[in-house]
Amino acid sequence: SRFTHDAVRAGSRVHVCNTDGGEVVTLAYPGMEQLSASKLFTSKDHANTLAPFTADQLWVVLHNLGKSDIVQLVPSSSSSSSSSSSVQKTALVEHARLRGVGDKAHGLIAWEGGFLTLDSDNGRLLWIQPGGDGSSSHGSSDGDSSGSRSRSRSSSQGSIQQAGQADSVASIPYTRVVLHEVPPDPQPQF
């Protein structure tokens, strides 16, 4: 693939993010036989991060050169077995999408029932909690040595769109918590 941004291993699979072609290429590990090339995105979507949280669940960050999304991919129900290999050839399909999780986002890791991602354009570390109440908050240390965080709720932020039958989409809210924010550079004084 050309213009790749990420490669991750999940058990007997290696997934490669082909940003230019909008594909997630799946390879068999350790032989690296190509199992599928799932064309799911455009180059404008700018898929830049892959995160396999389970063997059957791969998440992708779409930078979008602006408002970013997080997309859940699952194996297609129309997968086929390879006669020459014990590895199932599995294409991936979009299962759910979290829209507007940040601006020009990068990185994705599982943390406390949600995701940590970088809201790159705003200099923030975000905690995305699927199934939340649709709110946004800022985390801050309350001085408690146990590491608990106090949070003040603010405006509604986003939803998960989940693929259903006949391409219908249901919206499910999520909560976005700003865990850290880099202060903007001071304006130069002339």
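Residues numbered from 1 in each chain as written. Predicted model: local features only at pLDDT ≥ 70, side-chain atom pairs only at ≥ 80, totals over all residues. Heavy atoms only, no water.

This part takes up the overall build of the protein. If you tally the helices and strands in the protein, you get zero helices and 17 strands. Every one of the 190 residues in the protein was classed for burial, and the buried ones make up 40%. Relative to all contacts within the protein whose residues are 6 or more apart in sequence, the contacts with residues 24 or more apart total 44%. (Helix = DSSP H or I, 4+ residues; strand = E, 2+ residues; numbered from the N terminus. Buried < 20%, exposed > 50% of the residue type's maximum accessible area, 1.4 Å probe, protein only. Contact = heavy atoms within 4.5 Å.)

With that settled, the discussion passes to unusual backbone geometry. The omega torsion of the bond from Tyr29 to Pro30 falls at 15 degrees, within 30 degrees of zero and hence cis. The phi dihedral of Met32 falls on the positive side, at around 65 degrees, and the residue is not glycine. As for its position among the elements, Met32 is in the loop between strand E3 (23-28) and strand E4 (34-39). Located in the positive-phi region is Lys104, a residue other than glycine, with phi close to 55 degrees. Looking at the element boundaries, Lys104 is found in the loop between strand E10 (92-103) and strand E11 (106-111).

To continue, consider the nonpolar core. Trp59, Ile70, Leu98, Val101, Leu108, Phe115 and Ile128 are the most contacted members of the largest nonpolar core, which has 13 residues in total. Broken down by secondary-structure element, the contributors of at least two residues to this core are strand E6 (57-62), E10, strand E13 (124-130) and strand E17 (169-181). Non-local contacts of Val101, meaning those with residues more than four positions away in its chain, are made with Ser68, Asp69, Ile70, Leu126, Ile128, Tyr174 and Arg176. (Core = buried A, V, L, I, M, F, W, Y, C linked by side-chain atoms within 4.5 Å.)

All right, on to the packing of aromatic side chains then. This structure, assessed with the given rule, holds three aromatic pairs. Joined through ring pairs, the aromatic side chains of Phe53, Trp59 and Phe115 make up one cluster. (Phe/Tyr/Trp six-rings, centres within 6.5 Å; stacked < 30°, edge-to-face > 60°.)

Another point: the confidence of the model for the protein. Mean pLDDT over the protein: 77, with 69% of residues reaching 70 or higher. The model gives residues 164-170 a pLDDT under 50, and that stretch makes seven contacts with residues more than four places away or in other chains. (pLDDT = per-residue confidence, 0-100.)

Let us now look at the pairing of strand E1 (residues 4-10). As paired elements, E1 and strand E2 (residues 13-18) share six bridges and run antiparallel to each other. Residue pairing for E2: Ala7 is matched across the bridge by Val16. (Pairing = 2+ DSSP bridges.)

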